[in-house]
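Chain by chain, the residues:
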Amino acid sequence: MKIEETSLPGVMILTPRRFEDARGFFCEVWNKQRLRENGLDFEFVQDNQSISRAIGVIRGLHAQAPPHAQDKLVRVGRGAVLDVAVDIRVGSPSFGKWVGVELSADNGRQLLIPKGFLHGFVTLSDEVELLYKCSDYYAPDCEISVRFDDSQLGIDWGSRAASPILSDKDLEAPAFAEIESPFRYEGQK
């Protein structure tokens, strides 16, 4: 497993090693023991799958507040996305900053997003399958949403987001300045 840091402390790119032959490939996408040996110790309890039918679908920005905050490990089974994480930990040197990573079935990259970050993505192809592990269960009463196009965040979603396809919930999400983040920066671990 190749492990890379991003510009946001704690948000990591994990790229599994692929074993390829004439049939295709095999890879191990998560191994708790091996990743714990590299300082990544997460207990995932729920796996989610989303299908987005068209280019330009945006889902997000979302997080869950304590006591049901979630670490996420996101990957793409089919197609490609620009996956985005935004630091919402009050007091963090990177508070309000974002990072975007292209995840695709071809590149095999995964994005590890710890608690205290918003998550969202835009589809870069038709028929995208996004798969992600969560460290806590879905709890609608703990949901945090922020508008994807918030000017304070300034996320560059790329040209495919010029005419985004959004859910009503995401269209009605508040601005970043309107949320009160329950997350506090506790320094670098």
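Residue numbering note: each chain is counted from 1, following its sequence as written. Two thresholds apply to this predicted model, a pLDDT of at least 70 for residue-level local features and 80 or more for giving and counting side-chain atom pairs, whereas whole-chain, interface and lining totals are computed over all residues. Computation of side-chain values: all heavy atoms of the structure, hydrogens and water removed.

Engineer: What is the right way to look at the overall build of the chain in this model?
Structural biologist: Note on conventions: DSSP H or I runs of at least 4 residues are helices, E runs of at least 2 residues are strands, and numbering of each starts at the N terminus. Along the backbone of the chain there are two helices and 13 strands. Whereas a compact globule of 189 residues would reach a radius of gyration of roughly 16 Å, the chain reaches 16 Å, a difference of no more than 12%. Each principal axis of the C-alpha distribution contributes one length, and for the chain these read about 50 × 40 × 30 Å. Counting only residues that meet the buried cut, the chain has 49% of its 189 residues in that class. Long-range contacts, defined here as pairs at least 24 residues apart, represent 80% of the contacts in the chain between residues at least 6 apart. Here Asp and Glu are counted as negative and Lys and Arg as positive; His is not counted, and neither are the chain ends. Charge positions come from single atoms, namely NZ of Lys, CZ of Arg, CG of Asp or CD of Glu. Of note, the chain has its 22 positive side-chain charges centred 5 Å away from the centre of its 29 negative side-chain charges. A radius of gyration in this sense is built from C-alpha atoms; the matching globule rule multiplies 2.2 Å by the number of residues raised to 0.38. In this scheme, a residue with accessible area under 20% of its type's maximum is buried, one over 50% is exposed, and one in between is partly exposed, where area comes from a 1.4 Å probe on protein chains only. Should any heavy atoms of two residues lie within 4.5 Å, those residues are counted as being in contact.

Engineer: For this particular structure, what's the right way to read the nonpolar core?
Structural biologist: In a soluble, globular protein the nonpolar side chains are often hidden away together inside. Of all hydrophobic cores here, the largest spans 25 residues; its most connected members are Leu 61, Val 86, Leu 118, Ile 144 and Trp 157. Of all the secondary structure elements, the ones that give two or more residues to this core are β6 (58-64), β8 (80-87) and β11 (117-123). By residue number, the principal contributor to this core is β8, which donates four residues. Ignoring any residue separated from it by four or fewer positions in sequence, one finds Ile 144 in contact with Leu 61, His 62, Ala 63, Gln 64, Ala 65, Ile 88, Leu 118, Ile 179, Pro 182 and Phe 183. Residues belong to one nonpolar core when they are buried, are Ala, Val, Leu, Ile, Met, Phe, Trp, Tyr or Cys, and are joined through side-chain atoms within 4.5 Å. Counting 18 residues, the second-largest nonpolar core is a separate cluster that includes Val 74, Phe 117, Phe 121 and Tyr 132.

Engineer: For this particular structure, what's the right way to read unusual backbone geometry?
Structural biologist: Most peptide bonds take the trans form, and the phi angle of most residues other than glycine is negative. Here the residue pair Gly 60 and Leu 61 is connected by a cis peptide bond, since its omega of 15 degrees sits within 30 degrees of zero. Summarising the element assignment, Leu 61 is placed in strand β6. Non-glycine residue Glu 127 carries a positive phi angle of around 55 degrees. With respect to the element layout, Glu 127 can be found in the loop between β11 and β12 (128-134). Residue Glu 127 is classed as partly exposed on the basis of its relative accessible area, which comes to 33%.

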